[in-house]
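Notes for the structure review
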Amino acid sequence: MNFLWTGEELVVGAFAGNYKVRDLRTRPDVAVCIDTAEGLPQVLMLRGKVTLAEVDGVLPEYATIQRAGMGDEVGDAYVKAIDKPGLRMVRIGLRPTWVGVLDFQERFPAMTPEPVQAALRGEG
């Protein structure tokens, strides 16, 4: 799931009417884990209550997220392709009330078994 950190809030864009929005309206308390894709885990954990705001058209943060992930040219083309009359999006914002970090690369490397470390280094 793509997201944007604003410096105060984790923002996710969703299309209005999907199950994610329905479920978050019912239960806005969430826990989010963001992990690295390579090497030993480095996990950022966030907890709190999300706020939901429905908007007409493409959510500005969603456009920023797409450009960051796809590059400006492809991201702009994608945003233009979906920005049609009647499009409704929901801004999902999380201001964390609790933050934790699990860092097996720097703080806890000894807790990862050597065969796992070797496999992640490509030795095996």
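It should be noted that the structure appears before, not after, this text.
Because the structure is predicted, anything quoted here is derived from the model rather than measured.

Scoring rules and cut-offs
Residue numbering note: each chain is counted from 1, following its sequence as written. Totals for whole chains, interfaces and linings use every residue, but because this is a predicted model, local features are given only for residues with pLDDT of at least 70 and side-chain atom pairs only at 80 or more, for both listing and counting. No hydrogens and no water enter the side-chain calculation; it runs on all heavy atoms of the structure. Nine residue types can take part in a nonpolar core, namely buried Ala, Val, Leu, Ile, Met, Phe, Trp, Tyr and Cys, and a core is a set of them joined through side-chain atoms within 4.5 Å. Throughout, exposure labels follow a simple rule: accessible area from a 1.4 Å probe, protein chains only, divided by the maximum for the residue type, with under 20% read as buried, over 50% as exposed, and the rest as partly exposed. Any two residues whose heavy atoms approach within 4.5 Å are treated as being in contact. By salt bridge we mean one thing: a side-chain nitrogen of Lys or Arg within 4 Å of a carboxyl oxygen of Asp or Glu. Only DSSP runs of H or I with at least four residues qualify as helices, and only runs of E with at least two residues qualify as strands; both kinds are numbered from the N terminus onward. Aromatic pairs are defined between Phe, Tyr and Trp rings, using the six-membered ring for Trp, whenever the two ring centres lie within 6.5 Å; interplanar angles under 30 degrees are classed as stacked, those over 60 as edge-to-face, and all others as tilted. Should the NZ of a Lys or the CZ of an Arg lie within 6 Å of a ring centre and within 35 degrees of the ring normal, that charge is described as sitting over the ring.

1. Thoughts on the nonpolar core
If you look at soluble globular proteins, the nonpolar side chains tend to sit buried side by side. By size, the foremost hydrophobic cluster in this structure holds 11 residues: Leu10, Val12, Ala14, Val21, Leu24, Val30, Leu46, Val50, Val90, Ile92 and Leu94. In this structure, valine 50 is in contact with Leu24, Pro28, Val30, Ile92, Gly93 and Leu94, ignoring residues within four places of it in sequence. Of all hydrophobic cores here, the second largest spans eight residues; its members include Val58, Leu59, Ala63 and Ile82.

2. Considering the pattern of salt bridges
A full pass over the atoms with the stated rule returns nine salt bridges. Glutamate 8 is the salt-bridge partner of arginine 95, the closest N and O atoms lying 3.1 Å from each other. Here arginine 95 is found in the loop between β5 (88-94) and β6 (98-103), whereas its partner glutamate 8 is found in the loop between β1 (4-5) and β2 (10-15), with 87 residues between them in sequence. Since its relative accessible area comes to 47%, arginine 95 is described here as partly exposed. Counted as one network, the salt bridges with shared partners bring together Glu8, Glu9, Glu61, Arg91 and Arg95.

3. Let's talk about the packing of aromatic side chains
Following the criterion strictly, the structure yields two aromatic pairs and no others. Relative to tyrosine 62, the ring of phenylalanine 15 has its centre 5.8 Å away and its plane inclined at 70°; by these criteria the two rings are edge-to-face. Here the residue phenylalanine 15 occupies a position in strand β2, and tyrosine 62 occupies one in helix α2 (residues 60-70), the gap between them amounting to 47 residues. With a centroid separation of 6.3 Å and an interplanar angle of 45°, the aromatic rings of tyrosine 62 and tyrosine 78 are classed as tilted. You can see tyrosine 62 sitting in helix α2 and its partner tyrosine 78 sitting in helix α3 (residues 72-82), a full 16 residues away along the chain. Among the residues examined, tyrosine 62 registers a relative accessible area of 9% and is labelled buried. By the ring-pair criterion, three or more aromatic residues cluster together here, those being Phe15, Tyr62 and Tyr78. Taking the ring centre of tryptophan 98 as reference, the NZ or CZ of arginine 47 above it sits at 4.4 Å.

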